[in-house]
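Overview (structure and organization)
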Amino acid sequence: MKAPTANLINAITLLVLSIWGFVEIGMSSTTALIPAGAGVMLLACQRGVKEENKIIAHVAVLVTLVILLALIVPLTSAIADVYENPLSLVRTLVMMTTSVLALVAFIRSFIAARKARDSS
């Protein structure tokens, strides 16, 4: 999967699942919207990622890595509450999975760009 596609999928996943979780908990905790904010940032980077702008691509990687690390705390909470709310665990794992896949796609594109630059 190419980096722009992975970034777009990750951004939409973060947005949709974060808003779903926020609504499901009764809209009582705005921290549930943190992944949605990251999704908005990634959507804002989408054009630059598609155009292979190095700076914007690195910003997108940084946002993706930060949100992946930030999802560790909700993951531990979701595991502890798996019997009361199993969908919370599913949502968190899906957001983490798309973030990891996006990071892998970015790293592969960075390696390919370096190889292309070195061979020129």
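Please refer to the structure placed before this passage.
Residues numbered from 1 in each chain as written. Predicted model: local features only at pLDDT ≥ 70, side-chain atom pairs only at ≥ 80, totals over all residues. Heavy atoms only, no water.

The grouping of L8, I12, V16 and L43 at the surface amounts to a nonpolar patch, some 310 Å² of accessible area in total. Tallying contributions element by element places helix α1 (residues 3–24) first for the nonpolar patch, with three residues. On the secondary structure map, V16 appears in helix α1. (Patch = residues over 30% accessible without salt bridge, like charges linked within 9 Å, V, L, I, M, F, W, Y side chains within 5 Å. Areas by Shrake-Rupley, 256 points an atom, 1.4 Å probe, with all protein chains shown as cover. Salt bridge = Lys/Arg side-chain N within 4 Å of Asp/Glu carboxyl O. Helix = DSSP H or I, 4+ residues; strand = E, 2+ residues; numbered from the N terminus.)

Before going further, it helps to examine unusual backbone geometry. Glycine aside, residues mostly have negative phi angles, and peptide bonds mostly take the trans form. Despite not being glycine, E52 shows a phi value in the positive range, around 60°. Positionally, E52 belongs in the loop between α2 (34–50) and α3 (54–70).

This part covers the environment of L33. Within the fold, L33 resides in the loop between α1 and α2. C-alpha separation for the pair L33 and I19, spaced 14 residues apart in sequence, amounts to 6.4 Å. Every residue in contact with L33, bar those within four places of it in the chain, is listed here: S18, I19 and F22. (Contact = heavy atoms within 4.5 Å.)

What the rule picks out here adds up to two salt bridges. Ionic pairing is found between E24 and R91, a salt bridge with its closest N-O pair at 3.2 Å. Of the two residues, E24 is situated in helix α1 and R91 in helix α5 (residues 86–119); the sequence distance between them amounts to 67 residues. Judged by relative accessible area, which is 6%, R91 ranks as buried. A salt bridge links R47 to E51; its shortest N-O distance comes to 3.2 Å. In this pair, the class of R47 matches that of E51, namely exposed. (Buried < 20%, exposed > 50% of the residue type's maximum accessible area, 1.4 Å probe, protein only.)

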